[in-house]
Amino acid sequence: NAGVTQTPKFQVLKTGQSMTLQCAQDMNHEYMSWYRQDPGMGLRLIHYSVGAGITDQGEVPNGYNVSRSTTEDFPLRLLSAAPSQTSVYFCASSYGRAAEAFFGQGTRLTVV
Amino acid sequence: GDSVTQMEGPVTLSEEAFLTINCTYTATGYPSLFWYVQYPGEGLQLLLKATKADDKGSNKGFEATYRKETTSFHLEKGSVQVSDSAVYFCALPFYGGSQGNLIFGKGTKLSVKP
């Protein structure tokens, strides 16, 4: 019973590098989201998707890209990493518009 | 816009003490309300939820009642254990649920001492 799977768990990047955080869910959920968690800030929404082929920006989208080619996968791309993107990233999925979200284990990213 | 405000910690309690973590919200209509828990090094897990006014959500000894008159959803537990040490988040659906994601409070860190 995998649920939401994120890879990698840890990553260190140099400023200016790019990378993709992977997220996959096996629950056939239409809704998927990416959040970042920073101390004292709670979770802030980066991008979200309401179905395959449909994505939109959240509260803090700058410096990130997403795509949703399948229901299962929702990768997050960092285009040119900056130290301000040092954070813990969580992917989540949901089966309904106002339903609870299911979270992955997170990716701890450090940009040096 | 919609928002969630919860008491900021950290909160430190002795084992078997009573716990209250306050959460108030601002929203259009009467959205579902959630409490999530994050144990050290892990992702968020749903702790409990309530889908309409006066509902009481409960799980693992924790309870929260959806009170529309005070727009609150306070988390309570009668006797905490060391294993309850975690960060707790109050949440509600973004824009009435149109986006399928959640607005979170800033989290309250609970430490329980033996």
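Residues numbered from 1 in each chain as written. Chains lettered and ligands numbered in written order. Predicted model: local features only at pLDDT ≥ 70, side-chain atom pairs only at ≥ 80, totals over all residues. Heavy atoms only, no water.

All right, on to the overall build of chain B then. Within chain B one finds zero helices and twelve strands. Reading the secondary structure of chain B in the N-to-C direction produces β-β-β-β-β-β-β-β-β-β-β-β. Taken over the C-alpha atoms alone, chain B extends approximately 45 × 30 × 20 Å along its principal axes. Out of the 114 residues in chain B, the part that is buried amounts to 48%. (Helix = DSSP H or I, 4+ residues; strand = E, 2+ residues; numbered from the N terminus. Buried < 20%, exposed > 50% of the residue type's maximum accessible area, 1.4 Å probe, protein only.)

This part is about the nonpolar core. Ranked by size, the top nonpolar core spans 44 residues in total, and within it Phe103 of chain A together with Trp35, Tyr36, Phe73, Tyr88 and Phe104 of chain B carry the most contacts. Looking at this core element by element, the count peaks at six residues for strand E10 (residues 86-93) of chain B. For Phe73 of chain B, the contacting residues outside a window of four places in its chain are Cys23, Leu33, Phe34, Trp35, Leu48, Lys49, Ala50, Ala64, Thr65, Tyr66 and Cys90 of chain B. In this structure, Val4, Met32, Tyr89 and Cys91 of chain A belong to the second largest nonpolar core, which totals 18 residues. (Core = buried A, V, L, I, M, F, W, Y, C linked by side-chain atoms within 4.5 Å. Contact = heavy atoms within 4.5 Å.)

Next up on the list: the sheet that holds strand E8 (residues 62-65) of chain B. Residues and elements named next belong to chain B. The strand order E3-E9-E8-E7 describes an open sheet built from four strands, whose pairing is antiparallel. Looking at strand neighbours, the two that pair on one side only are strand E3 (19-21) and strand E7 (56-59), the edges of this open sheet. When the angles between neighbouring strand axes are averaged without regard to direction, this sheet yields 15°. Pairing analysis gives four bridges linking E7 to E8, with the strands arranged antiparallel. Bridge assignment links Gly57 to a residue of E8, and that residue is Ala64. (Pairing = 2+ DSSP bridges. Axes fitted to C-alpha atoms, helices over the stretch in contact; angles between N-to-C directions.)

Across the contact, 22 residues belong to chain B and 23 residues belong to chain A. Inspection of the chain B/chain A interface yields four residue pairs in polar contact (both at pLDDT 80 or more). Of all the secondary structure elements, the ones that give two or more residues to the side of chain B that touches chain A are strand E5 (33-38), strand E6 (44-50), E10 and strand E11 (102-104) of chain B. Residue composition of the side of chain B that touches chain A, by class: nine nonpolar, ten polar and three charged. (Polar contact = N/O pair within 3.5 Å; in protein donor to acceptor, adjacent residues only side chain to side chain. Nonpolar A, V, L, I, M, F, W, Y, C, P; charged D, E, K, R; others polar.)

On inspection of all chains with the given rule, the structure shows twelve aromatic pairs over all chains. Ring centres of Tyr35 of chain A and Phe104 of chain B lie 5.6 Å apart, and the angle between their planes is 85°; on these two criteria the pair is classed as edge-to-face. Of this pair, Tyr35 of chain A sits in strand E4 (residues 31-38) while Phe104 of chain B sits in strand E11, on two different chains. Each member of the pair Tyr35 of chain A and Phe104 of chain B is classed as buried. (Phe/Tyr/Trp six-rings, centres within 6.5 Å; stacked < 30°, edge-to-face > 60°.)

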